[in-house]
Structures are given as C-alpha cells and as structure tokens.
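# Close look at the chain arrangement
Given next are the chains, with one letter for each unit.
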Amino acid sequence: MNFKDAWLAQLKTDLSSDGGWSKIVENRELNGFYCSDDWSKLARPGSLARDLENAVEVAVGEYGHPYVRKFLGWAIEGLEKALVDPRFESDDNSMRGWKIDGIFPGNHGQVLVALALARAMRDDAEPDSAMLAQGAREIAQTEMQESGSYWSQAQSGYMRAINLLLIAGEVAEAKAMFKTRKKFAYTQQHFDWLKTFATAIPDQPPHVLTDPAMHQHLQGKFDMYRNPAYVAPSKDDHGGNLTGSITMLRLEIALLKQKFILGQPIGGRWGGVIAHISE
C-alpha cells in the first residue's frame with residue numbers, strides 16, 4: 001500500500017496554503033523563536049515537540065526539503081533550553097513551575113525523547129538510547145498515576161513509553177510493562193496489537209523478528225496509521241481509540257520496523273526510516 005503520492009500532494013498543498021509551512025517558516029524567521037506557542041508561559045513545554053513533528057511531516061513528503069532542517073534546528077534549540085530551565089526543579093505555582101503532580105516527570109521525559117529523536121534525525125545518527133529510555137520511564141511513571149477518565153487519556157502515553165523502550169533496546173523492560181493491572185479498554189485494539197508484537201521479539205540480541213506473520217502483523221496496523229488521511233478516533237466503543245500525536249506514532253512504528261523487522265541500524269538510514277511512512 002503506497003502513500004508516496006498522497007504525502008507529496010499533501011506537502012505541496014501545505015506549502016502553498018495561506019497558513020501552511022511557508023507562512024509558519026516566514027513568521028518564525030521574521031519574529032524569532034518565541035513568535036508562536038510560547039511554551040515559556042505554559043505549565044509544561046509540551047509545544048516544543050511540535051517542531052519535530054513539523055520536520056517529520058515535511059520529510060515524509062520530501063525528505064530533502066530545506067524546511068526539514070529548519071524545523072529540526074528550532075526543535076533542538078527549544079528542547080535544549082527547556083532541559084536546563086529551572087522550572088523543572090520547581091513546584092511553585094506562582095512561577096508556573098513544571099515539577100508538579102500530574103505532569104512531572106512525564107513532561108521532562110517528553111522533552112528528553114523529542115530531543116533524542118530530533119538530534120538523531122538531524123545528524124542521521126542512532127538515537128541516544130539512554131535519553132530515550134529515561135524519557136520513556138518518566139512518561140510511563142506519570143501516566144500510571146492517572147485513574148478514571150484521566151487513565152483513558154493516559155493509555156496511549158503509556159503505550160508510547162513501551163515503543164520508546166523498544167527503540168532504546170530495552171526489550172525486557174518493555175515487555176515487563178504489559179504486566180500492569182491497569183485496564184486498556186479505551187485503547188484495547190492498539191494495546192493488543194502492540195503486546196503481540198512486543199512479546200514476539202526474541203529476548204536475545206539482535207532481537208530481530210523473522211516470522212513473516214509478525215511482519216504482516218506490524219505492517220497491517222502501520223498501513224492504517226501511515227495513511228495521511230487517517231485521524232485517530234476518540235469515541236470508538238470497541239476500543240479503537242488513541243490520543244496523542246499520530247505523527248510521532250508513525251515515526252515510532254517506522255523506527256520499530258527498521259530495528260525489529262528489517263534488523264537494520266537507524267544511524268545512516270534516516271531517509272529510509274522516514275520513507276517507511278510513505279512507501
């Protein structure tokens with residue numbers, strides 16, 4: 001199932017539209033780093049990951065487009081600033097501290113993950129596995145604190161942490177995360193799919209899946225997600241819901257495919273990794 005033409009057409013549309021990529025880049029270059037989504041005024045710097053998402057979305061349409069490196073540069077600039085921001089050490093609401101119940105340490109973990117991926121994509125290198133693993137643990141820790149309706153929204157974040165641990169090479173730890181007593185009714189379809197994939201990964205290096213049935217298992221779901229027209233449902237009574245960034249989910253599954261299906265390195269192959277989304 002090839003979506004290359006569809007992604008290219010979407011890129012061309014987004015480049016030419018009034019509020020598209022060209023306008024975003026022009027505004028950013030004219031007005032500076034804080035011209036939009038001023039994360040310095042927010043309770044957490046979640047908006048920083050948006051520049052990485054922008055880079056991925058442009059790259060899927062045209063990997064070599066100059067906007068890819070522009071967005072990656074802005075992402076890295078902001079994420080590096082956030083990591084040394086004193087608000088990660090403060091729970092003082094008067095200064096809008098980020099070390100507060102309900103979002104910490106997951107907000108810090110999100111920054112670690114985005115920075116590791118943005119740097120790796122910019123440098124065509126392997127992602128920093130220690131940063132990914134730490135970020136995944138912090139995200140999972142925060143999501144596991146949720147209950148009731150908040151847990152419904154947290155389920156996708158918890159499963160994202162599993163993706164990230166796998167990409168970081170922490171296969172045993174990722175598998176262990178399925179032993180939670182938490183229920184995943186809201187996202188049951190994706191949870192079951194991910195559990196089947198993750199538990200099938202061999203425990204010993206190089207952790208490559210050789211069973212063609214597992215290749216199809218990953219690709220079948222990936223084909224649905226990588227369609228540029230796909231919109232994640234939020235009111236599916238049959239457990240088909242997802243929350244969070246579909247762009248990052250597409251990237252993470254592409255990295256899982258590269259690592260566990262193809263058994264190839266990520267470093268030096270980022271063009272191919274991104275191409276998995278549109279091929």
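Everything in this summary refers to the structure shown in the same document. Quantities reported herein were computed from a predicted structural model and do not represent experimental measurements.

Here we come to the overall build of the protein. Scanning the protein for helices and strands turns up twelve helices and zero strands. Of the regular secondary structure in the protein, the N- to C-terminal order runs α-α-α-α-α-α-α-α-α-α-α-α. By the compact-globule yardstick of 19 Å for 279 residues, the protein fits well, its C-alpha radius of gyration being 18 Å. Taken along its principal axes, the extent of the C-alpha atoms in the protein is 50 × 45 × 40 Å. Taken over 279 residues, the protein has a buried fraction of 49%. Carbon together with sulfur atoms contributes 51% to the accessible area of the protein, which is approximately 12900 Å² in total. The centroid of the 30 positive side-chain charges in the protein is displaced by 2 Å from the centroid of its 35 negative side-chain charges.

As a volume, the largest pocket reaches approximately 870 Å³. Contributions of two or more residues to the lining of the largest pocket are made by α3 (49-61), α5 (106-123), α6 (129-144), α7 (148-167) and α11 (246-261). For the lining of the largest pocket, the element with the highest residue contribution is α7, accounting for eight residues. Residue classes in the lining of the largest pocket are distributed as 18 nonpolar, 14 polar and seven charged.

Attention now moves to the pattern of salt bridges. Using the criterion set out here, one finds 13 salt bridges in the structure. In this structure, D85 engages R87 in a salt bridge whose closest nitrogen and oxygen atoms are separated by 2.7 Å. R87 matches D85 in its accessibility class, with the two residues each being buried. A salt bridge links E252 to R160; its shortest N-O distance comes to 2.6 Å.

So, on to empty space enclosed by the protein. Taken as a whole, this structure holds two cavities of 30 Å³ or more when the rule is applied. Roughly 50 Å³ of internal volume is contained in the largest cavity. Considering the residues around the largest cavity, the lining is formed by W7, Q10, L11, D14, W21, E57 and V58. Elements that contribute at least two residues to the lining of the largest cavity include exactly α1 (4-16) and α3. Counting residues per element, the lining of the largest cavity draws most heavily on α1, at four residues. Considering only residue class, the lining of the largest cavity consists of four nonpolar, one polar and two charged. Of the voids in this model, the second largest cavity is the one considered here, and its volume is about 40 Å³. W7, V56, E57, V60, T247, R250 and I277 are the residues that line the second largest cavity. Elements represented by at least two residues in the lining of the second largest cavity include exactly α3 and α11.

What counts and how
Residues numbered from 1 in each chain as written. Predicted model: local features only at pLDDT ≥ 70, side-chain atom pairs only at ≥ 80, totals over all residues. Heavy atoms only, no water. Helix = DSSP H or I, 4+ residues; strand = E, 2+ residues; numbered from the N terminus. Rg over C-alpha atoms; globule rule 2.2 N^0.38 Å. Buried < 20%, exposed > 50% of the residue type's maximum accessible area, 1.4 Å probe, protein only. Areas by Shrake-Rupley, 256 points an atom, 1.4 Å probe, with all protein chains shown as cover. Lys, Arg positive; Asp, Glu negative; His and termini not counted. Charge placed at Lys NZ, Arg CZ, Asp CG, Glu CD. 1 Å grid on protein atoms, 1.4 Å probe; cavity = no way out; pocket = protein on both sides within 12 Å on 5 of 7 lines; lining within 4 Å. Points joined across faces, edges and corners; volume = space filled by probe spheres on them. Nonpolar A, V, L, I, M, F, W, Y, C, P; charged D, E, K, R; others polar. Salt bridge = Lys/Arg side-chain N within 4 Å of Asp/Glu carboxyl O.

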